[in-house]
Amino acid sequence: MEKCKKECAHCQTKQREEAEFKKLMNRLNRIEGQVRGVKGMLEKDAYCIDIITQVAAIQSALAGFNKALLKEHISTCVVEDVKQGKEDKVEELINTLQKLM
């Protein structure tokens, strides 16, 4: 998504602590490496089940990334907005959880 030049509803941002940022980036870098590995397996005509097994590992790693990000989101963004009376953040969270399930 292209960044807006002004503040708008769909352009929310989140300042992350350096430790959280590094942790999430490390997870994504590992996932990216796994995806490149699967691409290499496909290029080398690897056995289907071996590729499927690696794709399952990638899906699990992505789920772990989502869990870590969701935990942080709930404990910071959602809690702060609810404290400020912004109850719509709960609905946003519910909709997001429905997409994940």
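Above: the structure in question.
What comes next concerns the included structure. (Residues numbered from 1 in each chain as written. Predicted model: local features only at pLDDT ≥ 70, side-chain atom pairs only at ≥ 80, totals over all residues. Heavy atoms only, no water.)

A few points about the side chain of aspartate 81
With respect to the helices, strands and loops of the structure, aspartate 81 is situated in helix α2 (residues 48-83). When its relative accessible area of 15% is taken as the criterion, aspartate 81 is described as buried. (Helix = DSSP H or I, 4+ residues; strand = E, 2+ residues; numbered from the N terminus. Buried < 20%, exposed > 50% of the residue type's maximum accessible area, 1.4 Å probe, protein only.)

What to know about the layout of surface pockets
Here the idea is plain: a probe the size of a water molecule rolls over the atoms and shows the empty space left. Estimates place the volume of the largest pocket at around 670 Å³. As for the largest pocket, its lining consists of 20 residues, and the residues nearest its centre are Gln12, Lys14, Arg16, His73 and Cys77. For the lining of the largest pocket, the secondary structure elements donating two or more residues are α2 and α3 (88-100). Among the elements that make up the lining of the largest pocket, the one with the highest residue count is α2 (7 residues). Its residues assigned to classes, the lining of the largest pocket comprises 7 nonpolar, 5 polar and 8 charged. (1 Å grid on protein atoms, 1.4 Å probe; cavity = no way out; pocket = protein on both sides within 12 Å on 5 of 7 lines; lining within 4 Å. Points joined across faces, edges and corners; volume = space filled by probe spheres on them. Nonpolar A, V, L, I, M, F, W, Y, C, P; charged D, E, K, R; others polar.)

Comments concerning the packing of α2 against α3
In the contact formed by α2 and α3, the axes pass within 10 Å of each other and the chain directions differ by 165 degrees. By the angle between their directions, the pair α2 and α3 is classed as roughly antiparallel. Relative to α3, the crossing made by α2 is left-handed. Residues Asn66, Leu70, His73, Ile74, Cys77, Val78, Asp81 and Val82 of α2 form the contact with α3, whose participating residues are Lys89, Val90, Glu92, Leu93, Leu97 and Leu100. Here the residues of the contact of α2 with α3 are counted per class, giving 9 nonpolar, 2 polar and 3 charged. (Axes fitted to C-alpha atoms, helices over the stretch in contact; angles between N-to-C directions. Parallel < 35°, antiparallel > 145°, perpendicular 65-115°, else oblique. Left-handed = near helix turned anticlockwise from the far one by under 90°. Contact = heavy atoms within 4.5 Å.)

Details of a nonpolar patch on the surface
A cluster of nonpolar side chains, Phe21, Met25 and Leu28, forms an exposed patch at the surface whose accessible area comes to about 250 Å². Among the structural elements, phenylalanine 21 can be located in helix α1 (residues 18-43). (Patch = residues over 30% accessible without salt bridge, like charges linked within 9 Å, V, L, I, M, F, W, Y side chains within 5 Å. Areas by Shrake-Rupley, 256 points an atom, 1.4 Å probe, with all protein chains shown as cover. Salt bridge = Lys/Arg side-chain N within 4 Å of Asp/Glu carboxyl O.)

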